[in-house]
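# Fold and geometry: a report
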Amino acid sequence: QVQLVESGGGLVQAGGSLRLSCAASGRAFSRYNMGWFRQAPGKERDFVAAISLHGGSTDYADSVKGRFTISRDNAKSTVYLQMNSLRPEDTAVYHCAGGPFRLPVGRRPDEYNYWGQGTQVTVSS
């Protein structure tokens, strides 16, 4: 079992930056691909970014490519999402997720077994 806890969300103006963190406890963190998803009110949970076991492979949704960066520190059992040039349409609850190793890294929620509760990101115009 893996427990995931996100932090770092908040209110930011358009064009600003935030860094989300997701701390994992439980089984060996480095055994799992990690992903970030987001869900806006009334919408489905959408893929944002994912990273493989040791960071050798990453993938991004087209809407965030060039603005967001996913990274991980296996020694700290933490995955990060650096978000720059934020836009109002980035407003959502952001969830981190952990899943079994696969390449390419997964983009679908059903490819992940473990989920955090989420952290709210609100971008004002």
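So, here's what we can say about the structure. (Residues numbered from 1 in each chain as written. Predicted model: local features only at pLDDT ≥ 70, side-chain atom pairs only at ≥ 80, totals over all residues. Heavy atoms only, no water.)

## Re the sheet that holds strand β1 (residues 2-7)
With respect to topology, four strands assemble into an open sheet ordered β1-β3-β8-β7, the strand pairing being antiparallel. If you trace the sheet from one side to the other, it starts and ends with β1 and β7 (68-73), each paired once. Each adjacent strand pair in this sheet contributes to an overall mean axis angle of 15 degrees, direction not counted. Sheet topology places β1 next to strand β3 (residues 18-26); six bridges connect them, and they run antiparallel. Looking at β3, one finds that Q3 is bridged to S25. (Pairing = 2+ DSSP bridges. Helix = DSSP H or I, 4+ residues; strand = E, 2+ residues; numbered from the N terminus. Axes fitted to C-alpha atoms, helices over the stretch in contact; angles between N-to-C directions.)

## Re unusual backbone geometry
For the bond from L103 to P104, the omega torsion is -5 degrees, close enough to zero to count as cis. Inspection of the secondary structure puts P104 in the loop between β9 (92-100) and β10 (114-115). In this structure, S85 takes a positive phi of about 50 degrees despite not being glycine. Along the chain, S85 falls in the loop between β8 (78-83) and β9.

## Quick word on the state of the cysteines
Enumeration according to the criterion identifies one disulfide in this entry. The residue that forms a disulfide with C22 is C96, at a sulfur-sulfur distance of 1.9 Å. Since a negative S-S torsion denotes a left-handed disulfide, the C22-C96 link at about 45 degrees is right-handed. Residue C22 is found in strand β3, and its partner C96 is found in strand β9; the two are separated by 74 residues along the sequence. Of the two residues, C22 and C96, both sit in the buried class. (Disulfide = S-S within 2.5 Å. Buried < 20%, exposed > 50% of the residue type's maximum accessible area, 1.4 Å probe, protein only.)

## Concerning the nonpolar core
W36, L81, M83 and Y94 are the most contacted members of the largest nonpolar core, which totals 35 residues. Listed by contribution, the elements that provide at least two residues to this core are β1, β3, β4 (32-39), β5 (45-51), β7, β8, β9 and β11 (119-124). Counting residues per element, this core draws most heavily on β5, which supplies five residues. (Core = buried A, V, L, I, M, F, W, Y, C linked by side-chain atoms within 4.5 Å.)

## Here we look at the environment of L18
Residue placement: L18 occurs in strand β3. Linking L18 and N84, residues 66 residues apart in sequence, is a C-alpha distance of 6.7 Å. If we skip the residues at most four places from it in the chain, L18 touches G8, G9, G10, V12, L81, Q82, M83, L86 and V121. (Contact = heavy atoms within 4.5 Å.)

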